[in-house]
Amino acid sequence: MIRPILIHPDPRLKKPCDTVVVFDGDLRKLAEDMFETMYDAPGIGLAAPQIGVMQRVLVMDCIKDGPPRPMALINPRVVWASEDLSSYEEGCLSIPDQYAEVRRPAEVRVAWHALDGSEQEEQFAGLWATCVQHEIDHLEGKLFIDYLGPLKRQMITRKMEKLKRERARQG
């Protein structure tokens, strides 16, 4: 089921999420819905708070050409980050049509639980590293615009407020 994506500013996007402790059918259904919503948007990553679910769950698939590689990460955490930084023009499904350069570690090692509760760990580089860090930020209540200066952040927030008003009028 495709779920509505929250648009910034929404207070739920600024709150840290709860740790997942139950690995059951409801969690698998949430991940399915998140993949369907992400692919439909279309996007390469989606965090649970973006659909109003305050749990530490993210999905991502950074393959643009070739067979998809859908990944669901439960309770993900960065366990190592490179000193080398990379800059990438980031966007966000909760901040449509707005992009900005964000500098982050070029490589990260992430530990997480799979949908069955098993422990996983993988090192990510390139777009995958950017995406997983961006989505983990969502689980902490942080948006990519929080890396920007206050004027640029305020400008984007005003655009999102206007977009939300227009969408509400269209009903």
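Our structure is the block above this text.
Parameters at a glance
Residues numbered from 1 in each chain as written. Predicted model: local features only at pLDDT ≥ 70, side-chain atom pairs only at ≥ 80, totals over all residues. Heavy atoms only, no water. Pairing = 2+ DSSP bridges. Helix = DSSP H or I, 4+ residues; strand = E, 2+ residues; numbered from the N terminus. Axes fitted to C-alpha atoms, helices over the stretch in contact; angles between N-to-C directions. Contact = heavy atoms within 4.5 Å. Polar contact = N/O pair within 3.5 Å; in protein donor to acceptor, adjacent residues only side chain to side chain.

## Observations regarding the sheet that holds strand β7 (residues 119-125)
Okay, step 1: Strands sit in the order β1-β2-β3-β6-β7 across an open sheet of 5 strands; the sheet is antiparallel. The strands lining the two open edges of the sheet, one partner per strand, are β1 (45-47) and β7. For this sheet the average axis-to-axis angle between neighbouring strands, irrespective of direction, equals 40°.
Okay, step 2: Across 3 bridges, the pairing between β1 and strand β2 (residues 57-60) is antiparallel. Bridging across to β2, Leu-46 finds its partner in Val-59.
Okay, step 3: Against the sheet, helix α1 (residues 25-40) makes contact with β1, β2 and β3 (71-81), and its axis sits at roughly 40° relative to β2, the strand it touches most.
Okay, step 4: Helix α2 (residues 126-139) contacts β1, β2, β3, β6 (107-113) and β7 of the sheet and is inclined by roughly 155° relative to β2.

## Here we look at the side chain of Asp-61
Okay, step 1: Looking at where Asp-61 falls in the secondary structure, it is placed in the loop between β2 and β3.
Okay, step 2: Among the polar contacts made by the side chain of Asp-61, one reaches the main-chain amide nitrogen of Arg-69 at a distance of 3.1 Å.
Okay, step 3: Ignoring sequence-local partners within four residues, the contact set of Asp-61 consists of Met-38, Tyr-39, Ile-44, Pro-68, Arg-69, Pro-70 and Trp-128.

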